[in-house]
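What follows is each chain in one-letter form.
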Amino acid sequence: MVSDRQPANESAFQSFTINPAGVSTFKISPMTSESKDFTSVSPSAKSLLLLKGYTNIPYAKELAALMQGSEVFDLNFDDKDFGFWARVLHFESRYWSIDQLLRQTQTRNMLELSSGFSLRGVELCMQDETIHYIDTDLPDLMTQKQQLVAHQQLDKQLLGQLELLPLNALDENAFQEVVNRFENGPLTIVNEGLLMYLNEAEKQQLCGIIHRILKQRGGYWITADVYVRRGTEALNAIPQSSGEAAFFEQHHIEENKFESYESAAAFFRSQGLEVVAEATPNPDGLSALPHLINVLPEAFRKQPQSEGLPKIQATWMLKAI
Ligand SMILES: C[S@@+](CC[C@H](N)C(=O)[O-])C[C@H]1O[C@@H](n2cnc3c(N)ncnc32)[C@H](O)[C@@H]1O
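The paragraphs below set out a description of the structure included in this document. This one's a predicted model, so the numbers in the text were calculated from it and none came from an experiment.

Rules behind the numbers
- Residues numbered from 1 in each chain as written.
- Predicted model: local features only at pLDDT ≥ 70, side-chain atom pairs only at ≥ 80, totals over all residues.
- Heavy atoms only, no water.
- Near = heavy atom within 4 Å.
- Polar contact = N/O pair within 3.5 Å; in protein donor to acceptor, adjacent residues only side chain to side chain.
- Areas by Shrake-Rupley, 256 points an atom, 1.4 Å probe, with all protein chains shown as cover.
- Helix = DSSP H or I, 4+ residues; strand = E, 2+ residues; numbered from the N terminus.
- Nonpolar A, V, L, I, M, F, W, Y, C, P; charged D, E, K, R; others polar.
- Core = buried A, V, L, I, M, F, W, Y, C linked by side-chain atoms within 4.5 Å.
- Buried < 20%, exposed > 50% of the residue type's maximum accessible area, 1.4 Å probe, protein only.
- Contact = heavy atoms within 4.5 Å.
- Arc of directions from axis to C-beta.
- Phe/Tyr/Trp six-rings, centres within 6.5 Å; stacked < 30°, edge-to-face > 60°.
- Lys NZ or Arg CZ within 6 Å of the ring centre and 35° of its normal.

Things to note about the site of the ligand
The environment of the ligand is made up of 21 residues, and the closest members are Ser-42, Lys-52, Ser-114, Asp-137 and Glu-192. Contacts to the ligand include Arg-94, whose side-chain N or O atom sits 3.0 Å from an oxygen atom. Between the ligand and Asn-168 there is a distance of 2.9 Å, counted from a nitrogen atom to a side-chain nitrogen or oxygen. The fraction of the free accessible surface of the ligand (590 Å²) that becomes covered by protein chains is 99%. Sorting elements by how many residues they give to the shell around the ligand places helix H1 (residues 43–52) first, with four residues. By residue class, the composition of the shell around the ligand is ten nonpolar, seven polar and four charged.

Laid out in structure tokens, this is it:
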């Protein structure tokens, strides 16, 4: 899906690849000594991309086609059953929920944390020359993403400024260095698929960093990671493969979720962050919906339409108070 829009200035895209002289354009920030090694989380980004490859999320299909080798959730691509399409629908909905809230901000400076193989920054910079988007994830993942973006020549078509940079979101000095790359003015930080990999102390650490930055500059944090622990009903509704269950257990995903939406709001408030908006899901607009409807189990067909799938997640816009 290469756009035929006017080519952008080559320098609009900055990479951290090794240049011919063997000098890396950007330093790769070392992990802070007190933080753990998060690289075991990175394989989930590939699984999510493979799922999003079945949606109309920009560039997902093209990028997914370039992925090779196994994936960690044991997704069954041969038999795309209800569980498969429910996951595709969920991640598609989560992706668009961030864009919905982003449109409500006037910010031109955008920082994405733990972006995985998402190309939201590419999409926005293709359309708008006033945007400065910094897309970040852990160093190894960013190296791969950089190669994929270059392979698809997406860096040649940008109007806005896009940077792909390595960042451990819990490393405050590195975080601050990345933020300093923006011009003065408010900043919107976005993320999806990170908080459930962080324990309470790590979540507090991240909130502290984001709070200090938003206090300095103004702006918002849009996070799609307001997941609440699943009750038996939700747990039974969508069964897990053994690979996915093992990955969730290894990373304490259920424990790391919030107890309830109220306790999530109270947690953010205790960190100096207030909820100012929540995204409204729009299932009818999702490209995966017709596929899900085709494989809907009898029990769901009998439910009144208003009940739908149980709510397991919310996307919030937060501001520093
Ligand atoms: C479930 S994936 C989500 C990727 C992407 N946001 C999406 O929704 O498709 C989790 C991502 O978090 C990244 N990650 C884990 N710990 C991180 C950290 N401390 N700092 C930055 N990124 C991290 C992983 O490398 C991985 O890409």
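After that view of the structure, there is still more to cover.
A look at the nonpolar core
Membership of the largest hydrophobic core comes to 61 residues, with the highest contact counts inside it found for Leu-111, Leu-113, Phe-175, Ile-189, Leu-206, Trp-221 and Phe-268. No other element matches helix H3 (residues 82–102), which puts seven residues into this core. Non-local contacts of Leu-206, meaning those with residues more than four positions away in its chain, are made with Leu-113, Ala-169, Leu-170, Phe-175, Leu-194, Leu-195, Leu-198 and Trp-221. Counting residues in hydrophobic clusters, the runner-up holds 36 residues, among them Tyr-133, Leu-148, Leu-162 and Ala-279.

Details of helix H11 (residues 261–270)
If you check which residues of H11 are buried, you get Tyr-261, Ala-264, Phe-267 and Phe-268. In a view along the axis of H11, the buried residues occupy a sector of 115 degrees, so they form one face of it. The exposed residues of H11 that point more than 90 degrees off its buried face are Glu-262 and Ser-270.

Considerations on the packing of aromatic side chains
Considering all chains together, one arrives at 14 aromatic pairs under this definition. Ring geometry for Phe-77 and Phe-84: centres 5.6 Å apart, planes at 80 degrees, overall edge-to-face. Between Tyr-95 and Trp-96, the ring centres sit 5.1 Å apart and the planes meet at 85 degrees, which makes this aromatic pair edge-to-face. Members of the aromatic cluster, joined through ring pairs, are Trp-221, Phe-258, Phe-267, Phe-268 and Trp-316. Between Arg-120 and the ring centre of Tyr-95, over which it is positioned, the NZ or CZ distance is 4.1 Å. Residue placement shows Lys-203 over the ring face of Phe-258; its charged tip is 5.5 Å from the ring centre.

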